[in-house]
Amino acid sequence: MKTEKSISQIIAAHVLTYFNFLNLVLFVLILISGQYKNMLFMGVVISNSLIGIIQELRVKKLIDRLTVLTATKAKRLECSAEISEKTKQHISEKDDKFFLDPLSEEITNDLKNAPTTEENIDDLKVGNIIRLSAGDQIVCDGIVLVSEGLEVDESMLTGESVPVHKKAGDELFSGTHIVAGGAVSYIVHTGEDNYAAGLVKKAKTKKRASSEMQYAINRIIHYVSYALLPIGIILFSIQFFRVKVGMSDALVNTVAGVLGMIPEGLVLLTSISFILGVGRLAGKRALVQEMEAIEALARVDTLCLDKTGTITTGALRVEKLVRIREKNTTETEKNATGETDGNSKDKMVTLMEGIAYAFSETNVTGEALKDFFDDTKPYEITETLPFNSRRKYMGVSFAEEGTYVLGAPDFLTKEEAIISESESYAKKGHRVLLLAKTDTLADMPENLTGTEPIGLVVMSDCVKEDAPETLKFFRDMGVKIKILSGDNPATVAAVAEEAGLENARYYVDATTLPTDEEELRKVAAKYTVFGRVSPEMKYHLIRAFQFADQTSVVGMVGDGVNDVLALKEADCSIAMASGADAARQTAHIVLTDSNFASMKNIVKEGRTIIANIERVSALYLTKTIYSVFLCVIFIIIGGSYPFIPIQLSLIGATAIGIPSFLLALERHEEPVISGFLGHVLRISLPGAIGMIVVTVAVRILDGIFTLGPDITSTMNMYLGGAVSLCVLVYVCKPMSKLRFAMCAAMTCIFVGACLIAPAFFGILPVFS
């Protein structure tokens, strides 16, 4: 799967722009004038284009590598053509869903016993039949022909952390994993037709991270660009025909007026500031795949999270054992030695030690039991029954102690008190297993006899240690947190509340949400936790949060294929490095240590960059504003433009260019002020007015006293430099020692250049 733009198209998109064409025209005009010293502005133009090309090529490379599957081989059945044809006749399709008529015992046996051969997944075709075993990744969408206790982990697609039992006729999706049992599957989709590939395919058109600064800057350039051509033509006409200066001077004056209107240095400064931020964040275990994402995350006011991998580790832990048979003890927690009274080991603990280590294959529940209980092998095991999501329990028969089952309470007992107690724990975010003694080890709960409840094993998701601190950080910043999970909403809400999430009690089952976008916006705003969320619903919820308030900036944190659509739509998307390839490559930012807490560093870095750029943007926009107004004023009065390009280069270098890059490198954290353009104009507009006033004043004095072009040019140069340096001093407030030293140095450089090489800058020497 490739992005739609080729390398040549990307290069052309950044080189063949109106902005670059205009600068090229100005460059040619300077060549024609013969005053080559005024061509230095082309360095900034070339730098801007190169940065844009490199960034988009980098994004293209990442998107083109998008993939869900990591498996490369599959076990294809070498069954006869007759069996293949008979099997195919039992499969039908309706409304993009596949159905299986029951297979005969003969066909089922033939499929079970057919030999297999390894085949590259790229060579598989619709209609092929493959064998799947525990631990395999499903490489193509298919339909189950024969199920041998098949259980599939579909969490990467659905977000549901509990393995799904699959029987004959059920659909299988590529990218998911077999966690138990095996199956024979008939392939119905391959390649880009697979469900998971379809989700990823949509991600290749992901929108870029939201950047208010770059949007404002681009909007300024957009409006100024339309005014440049007519203003330039009229300004040249006035210079050449009315003021009657020579062709060379008319061209240079026109270029100076037009060039000053373009805040090209600001574009370069923004790009370089982001690049520096990317470098610093890389050292903090955050891979920024789009530079604008740093600002976007800093401005996020709604952050959507998946529970697993962000506020929880994905693992389980045993919290406590609740005795049922011991009437005088309602609950006892196991201490470090496994002793409950200091003398004898608790019988329930002993039984659980035997059950926890009775199985070689395990899941997250089994791992949690092994972590909590010791491997003492207390009893001889005569028979085992592995856990199955269909029957919801596991069982073990001990030689002398009898038979015990461990599983979902509502599957193992009808006692309302026990079921009620287990539900109360579930509402608190716990998972509950019931340990019970039974007469026989039956494979289905309805076949169990003589079941006698012994105790409850209360388990919980492992909340990350740094999750409460991180959630508090975002809460203090005024960022609303939304949890979008595929798990039970009540359980997710309880876990989120344990992690310190405010308003976690406001939860909803996403399957009950309206499908109408307008209604969804109204309803979604009421809730903090959303459970049973499908990939498509995550996408619609992101849009609902975005459009609930037109100024909202919505971030999404995820790690599975089920998060891809939401990550693609979010203003800023963040993925965990430990997650699915598709999620990592779709996201704007990847946390290489898969640590949710790392986002604090990203936000702080973004705030620093924004504060720096907002400060120095006023310097660039001051030049743009006064250049536009001076062009209009001198067109109206029919006078010679007061500056030449080389003069503006010196003023720009000392009062704008050099200081802006120094200020952009400062390391500090300041509040992010919304309304980038309004904030900048509060500084730049007064500075521009000051420049206009002094320039017009010089023009008036020239009209009264006939000062002459040399004197007026000198006065404009010194007064223009003074005003620009005053704006720099204002921007540097509060003044520090370093900032004071920089302002003093820039003033010395400006004055020194004017004194040392006055002729080069077109002004009179102070000392003759």
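Notes on the structure in this doc start here. (Residues numbered from 1 in each chain as written. Predicted model: local features only at pLDDT ≥ 70, side-chain atom pairs only at ≥ 80, totals over all residues. Heavy atoms only, no water.)

With that settled, consider the overall build of the protein chain. Counting its regular elements, the protein chain contains 26 helices and 23 strands. Accessible area for the protein chain stands at about 33,600 Å²; split by element, carbon and sulfur atoms hold 57% of it. (Helix = DSSP H or I, 4+ residues; strand = E, 2+ residues; numbered from the N terminus. Areas by Shrake-Rupley, 256 points an atom, 1.4 Å probe, with all protein chains shown as cover.)

Time to look at the pattern of salt bridges. Per the stated rule, a full pass over the model turns up 23 salt bridges. Ionic pairing is found between E469 and K600, a salt bridge with its closest N-O pair at 2.8 Å. With E469 in helix α16 (residues 467-476) and K600 in helix α22 (residues 599-637), the pair connects residues that are 131 residues apart, well separated along the chain. Here R521 and E518 are joined by a salt bridge, their closest N and O atoms 3.4 Å apart. (Salt bridge = Lys/Arg side-chain N within 4 Å of Asp/Glu carboxyl O.)

Across the sheet, 8 strands lie side by side as β10-β23-β22-β21-β11-β18-β20-β19; this open sheet has mixed pairing. Both edges of this open sheet fall to β10 (286-288) and β19 (507-509), since each of them pairs with a single strand only. Neighbour-to-neighbour, the strand axes of the sheet open up by a mean angle of 20°, direction not taken into account. Of the strand pairs in this sheet, β19 and strand β20 (residues 529-531) are connected by 3 bridges, and their pairing is parallel. From the neighbouring strand, V508 faces β20, where its bridge partner is F530. In the packing of α22 onto the sheet, the strands contacted are β10, β11 (302-305), β21 (554-558), β22 (572-576) and β23 (589-591), and the crossing angle to β23 comes to about 140°. (Pairing = 2+ DSSP bridges. Axes fitted to C-alpha atoms, helices over the stretch in contact; angles between N-to-C directions. Contact = heavy atoms within 4.5 Å.)

This part is about a nonpolar patch on the surface. A contiguous nonpolar surface patch, about 530 Å² in accessible area, is contributed by V751, L755, I756, V766 and F767. For V751, the position within the fold is in helix α26 (residues 737-756). (Patch = residues over 30% accessible without salt bridge, like charges linked within 9 Å, V, L, I, M, F, W, Y side chains within 5 Å.)

Glancing now at the pairing of strand β14 (residues 393-398). Counting buried positions along β14 gives 6 out of 6 residues, so the element sits mostly inside the fold. Neither face of β14 is open: one carries Y393, G395 and S397, the other M394, V396 and F398, and all of them are buried. Pairing analysis gives 6 bridges linking β14 to strand β15 (residues 402-407), with the strands arranged antiparallel. Each bridged residue has a counterpart across the sheet, and for M394 the counterpart in β15 is L406. Hairpin connection between β14 and β15: a loop of 3 residues separates the two successive antiparallel strands. (Buried < 20%, exposed > 50% of the residue type's maximum accessible area, 1.4 Å probe, protein only.)

Turning our eyes to something else, we now look at unusual backbone geometry. Cis peptide bonds are those with omega within 30 degrees of zero, and the linkage from K733 to P734 qualifies with -5°. We note that K377 has phi near 50°; this positive angle belongs to a residue other than glycine. Mapping K377 onto the fold places it in the loop between α13 (364-372) and β13 (381-388). What makes K377 exposed here is its relative accessible area of 61%. Despite not being glycine, R532 shows a phi value in the positive range, around 55°. What makes R532 partly exposed here is its relative accessible area of 32%.

With that out of the way, let us pick up the packing of α22 against helix α24 (residues 676-705). It is at 7 Å that the axes of α22 and α24 come closest, and there the two elements cross at 40°. The angle between the axes of α22 and α24 places the two elements in the oblique class. Both α22 and α24 take part in a crossing whose hand is right-handed. Among the residues making up the contact of α22 with α24, the classes are represented as 19 nonpolar, 6 polar and 2 charged. (Parallel < 35°, antiparallel > 145°, perpendicular 65-115°, else oblique. Left-handed = near helix turned anticlockwise from the far one by under 90°. Nonpolar A, V, L, I, M, F, W, Y, C, P; charged D, E, K, R; others polar.)

Below, the discussion takes up the pairing of strand β6 (residues 142-153). Both β6 and strand β8 (residues 171-172) contribute to a ladder of 2 bridges, which runs antiparallel. Each bridged residue has a counterpart across the sheet, and for G142 the counterpart in β8 is L172. Sheet topology note: the β6/strand β9 (residues 177-187) ladder contains 9 bridges and is antiparallel. Along β9, the bridge assignment pairs E151 with A180. Summarising the sheet, β6 and strand β7 (residues 164-165) pair through 2 bridges and their orientation is antiparallel. Bridge pairing in β7 links V152 to V164.

One pass over the structure, following the stated rule, counts 12 aromatic pairs. Between the aromatic rings of F372 and F373, the centroid separation amounts to 4.9 Å while the plane-to-plane angle is 80°, which identifies the pairing as edge-to-face. In this structure F372 comes out as buried when scored by relative accessible area, which is 19%. On the numbers, 5.4 Å between centres and 80° between planes, the contact of F473 with F474 is edge-to-face. (Phe/Tyr/Trp six-rings, centres within 6.5 Å; stacked < 30°, edge-to-face > 60°.)

Let us look at the packing of α24 against helix α25 (residues 709-731). Across the interface, α24 lies against α25 with an axial gap of 10 Å and an inter-helix angle of 165°. Relative to α25, the element α24 is oriented roughly antiparallel. Every pair of crossing elements has a handedness; the one defined by α24 and α25 is right-handed. Residues I683, G687, G690, M691, V694, T695, V698, L701 and D702 of α24 form the contact with α25, whose participating residues are T712, M715, N716, L719, G720, V723, S724, V727, Y730 and V731. Residue composition of the contact of α24 with α25, grouped by class: 11 nonpolar, 7 polar and 1 charged.

Here we come to helix α5 (residues 105-113). Those residues of α5 that fall on the buried side of the exposure criterion are I107, T108 and L111. The arc enclosing the buried residues of α5, seen along the axis, measures out at 100°, which places them on a common side. The exposed residues of α5 that point more than 90 degrees off its buried face are E105, E106 and N113. Along its buried surface, α5 packs onto β1 (73-77), α4 (81-89), β5 (129-132), β6 and β9. (Arc of directions from axis to C-beta.)

Now for the environment of I187. Assignment of secondary structure puts I187 in strand β9. Overall, the relative accessible area of 0% leaves I187 in the buried class. For the pair I187 and I143, spaced 44 residues apart in sequence, the C-alpha to C-alpha distance is 6.7 Å. The residues touching I187, leaving out its near neighbours within four places in the chain, are L124, K125, V126, G127, N128, I130, C140, D141 and G142.

So, about the side chain of D461. Within the secondary structure, D461 is located in strand β17 (residues 452-463). Residues in contact with D461, not counting those within four places in the same chain, are K307, T312, A315, L316, R317, G429, R431, T491 and V495.

To continue, consider the environment of E446. Of note, E446 is situated in the loop between β16 (430-438) and β17. Separated by 55 residues in the primary sequence, E446 and R391 have C-alpha atoms spaced 9.5 Å apart.

For the rest of this paragraph, the subject is the environment of E421. Within the fold, E421 resides in helix α15 (residues 416-427). The partly exposed category is assigned to E421, whose relative accessible area is 31%. Taking C-alpha positions, E421 is 9.7 Å from P409, a pair spaced 12 residues apart along the chain. Setting aside chain neighbours within four positions, we find E421 in contact with V322 and L456.

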